[in-house]
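If you want the building blocks of each chain, they are given just below.
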Amino acid sequence: MNIAVIGLGYIGLPTAALLAASGHRVYGYDVNAPLRHGLQHGHLPEMEPPVRDAVLGALRDGHLHVLDRIPNAQAYVMCLPTPTHEGKPDLRYVEAAAAAVAAVAEPGAILVLESTVPPGATERVIEGALAAAGKQIGDFHVAHCPERVIPGAIMTELRTNARVVGGRTPQDARIVRDLYASFCEGPISVTSLAVAEFVKVVENTFRDVNIAFANELAIFAEELGVDVWETIELANHHPRVNILAPGPGVGGHCIPVDPHFLSDANPFVTELIQSARRVNDRMPYRIVRRIAELVDPGRGRKIALLGAAYKADVSDARESPTVRVDTLLRERGYSTAIYDPLVERFHRPLCGTLEETVSDADALILLTPHTLFATIRPEAVASLMRTPRLVDTRKFFDTADWQRCGFECYVLGRPFKSVAVRAVA
Ligand SMILES: NC(=O)c1ccc[n+]([C@@H]2O[C@H](COP(=O)([O-])OP(=O)(O)OC[C@H]3O[C@@H](n4cnc5c(N)ncnc54)[C@H](O)[C@@H]3O)[C@@H](O)[C@H]2O)c1
């Protein structure tokens, strides 16, 4: 089949490569001209090595072509960003791409939207775009097939994850299921457009609400004077309980964003969802408040931050709680240094070494539990810091070890009284 993939980002590019590897003739298009021209000359943006290999392979063997315009094709797979601004979904990228596709698509073509959208958006946007081009939606096969991949394992998950295909009609769903079956090994369920849209945002909202529950328990436990980690571990022995881990907030491209697609659509029935968002958004403030109890925010106070990625063992720093913690600390007069050898793109320069990061610092905050941080030796860090203090937001380190090396330790969700607070009392 001739397939045009519109939007060659995190999702579109590996999807194009996988379609190409499955024997389709694939044409990629992105509005970003430098990206297009780079790809046309074999220059790829930063990406996971398996994605890089697949894209380079598809470009080299000629099954994937990156074009400067959207061609006529049998199927169009649209992978556009769907950010939110102040809690409101921004569908402008999807609308622009749908308009461009509608201008060239011929009756009988398959139009698939992969982007995460609020329920009802796929039909509304595509129908509007086709109507503006003088065409009728009933002459096309329209579907929504949301993406579920996890950064760090994109290529594998694109191939093996279970997929949901929502069709405007049952026939549309079946046609698109057959297309996806040509490159997806996981089970593919078919349903309506609205259910497929709802499923995707519900999945991420489920994670957000459950993380908020763990965060709320962490705050409660501190005030109660008990250990939330022990509590969660013991509660999870119950065969039908599975409480997640607390942390410094929720990051990434999807989980903090997608709940807004529901709360914006219906603010009156989404109280729990909105309140979970607030609980998670407040976590960086709690961490910074703890720092203020530990370290007087006078001039020249330095806080070292471990981890810029939004979660362990990935290079992705989008919406990372570290950004918020860092900004709040600097607003309060601290200087900060951030260490994350996995992250290349961040809103400000990162430190090149752990030594430089912790040197003369008054506190060290563990924000991202990267596996590689497990080798950090507290005695080496203590000798470089001005004051050995550890704030561990993920119960990552063995604090007994750090205390033996002279550290004052605070672990999120554990009872804590700092030396400073104890002295005042
Ligand atoms: N990245 C993830 O891990 C992930 C996981 C699941 C779902 N999603 C969803 O998939 C969708 C795509 O996300 P992404 O991470 O690939 O975004 P991205 O920002 O990495 O890529 C989107 C690409 O679309 C291009 N673009 C924007 N407007 C365009 C237009 N009018 N025509 C052609 N190209 C255009 C951009 O230049 C960009 O290269 C989003 O809805 C996202 O929520 C992403």
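A.B. asks: Quick question: what am I supposed to make of helix 7 (residues 170-181) here?
C.D. replies: Because the α-helix completes a turn every 3.6 residues, residues three or four places apart line up on one side. Between its first and last C-alpha, helix 7 extends 16 Å over 12 residues, near the 16 Å set by a 1.5 Å rise per residue. Among the residues of helix 7, Asp172, Ala173, Val176, Leu179 and Tyr180 are the ones counted as buried. Along the axis of helix 7, the buried positions cluster into a sector of 125 degrees, meaning they face one direction only.

A.B. asks: Would you mind going over the packing of aromatic side chains with me for this structure?
C.D. replies: Each aromatic ring pair is characterised by the separation of its centres together with the angle its planes make. As enumerated under the stated definition, the model contains six aromatic pairs in all. Plain terms: the ring middles of Trp402 and Phe407 are 4.7 Å apart, the flat faces sit at 65 degrees to each other, and that makes the pair edge-to-face. Phe407 matches Trp402 in its accessibility class, with the two residues each being buried. An aromatic cluster of at least three residues, connected via ring pairs, comprises Phe396, Phe397, Trp402 and Phe407.

A.B. asks: Sorry if this is basic, but what is going on with the pattern of salt bridges here?
C.D. replies: In a structure, side chains of opposite charge can pair up when their charged atoms sit close to one another. Here the structure, examined in full by the defined rule, presents 24 salt bridges. In this structure, Glu203 and Arg148 form a salt bridge, with 2.5 Å as the shortest nitrogen-oxygen distance. Placement of Glu203 in helix 8 (residues 193-224) and of Arg148 in the loop between strand 8 (141-144) and helix 6 (154-160) is noted, with a sequence separation of 55 residues between them. Residue classification places Glu203 among the partly exposed positions, given a relative accessible area of 26%. For Arg148, a relative accessible area of 27% gives the class partly exposed.

A.B. asks: For this particular structure, what's the right way to read the domain arrangement of the protein chain?
C.D. replies: Accessible area lost upon the coming together of the parts is a frequently used measure of interface size. Each domain of the protein chain was delimited in the assignment, giving domain 1 (2-186) and domain 2 (278-424). For domain 1 versus domain 2, the separation of C-alpha centres amounts to 39 Å. Taken together, the contact between domain 1 and domain 2 spans five residues of the former and eight residues of the latter. Of the roughly 570 Å² buried between domain 1 and domain 2 on both sides combined, carbon and sulfur atoms contribute 41%. The largest per-residue losses of area from domain 1 upon contact with domain 2 belong to Tyr10, Glu46 and Pro151, which jointly make up 89% of the total buried on that side. Where domain 1 touches domain 2, the interface holds one salt bridge. Between Arg345 and Glu46 there is a salt bridge, and its shortest N-O distance comes to 3.4 Å. Considered class by class, the residues forming the side of domain 1 that touches domain 2 number three nonpolar, one polar and one charged.

Rules of the game
Residues numbered from 1 in each chain as written. Predicted model: local features only at pLDDT ≥ 70, side-chain atom pairs only at ≥ 80, totals over all residues. Heavy atoms only, no water. Helix = DSSP H or I, 4+ residues; strand = E, 2+ residues; numbered from the N terminus. Expected span 1.5 Å × (residues − 1). Buried < 20%, exposed > 50% of the residue type's maximum accessible area, 1.4 Å probe, protein only. Arc of directions from axis to C-beta. Phe/Tyr/Trp six-rings, centres within 6.5 Å; stacked < 30°, edge-to-face > 60°. Salt bridge = Lys/Arg side-chain N within 4 Å of Asp/Glu carboxyl O. Domains from an automatic or database assignment. Contact = heavy atoms within 4.5 Å. Buried area = accessible area lost by both parts, 1.4 Å probe. Nonpolar A, V, L, I, M, F, W, Y, C, P; charged D, E, K, R; others polar.

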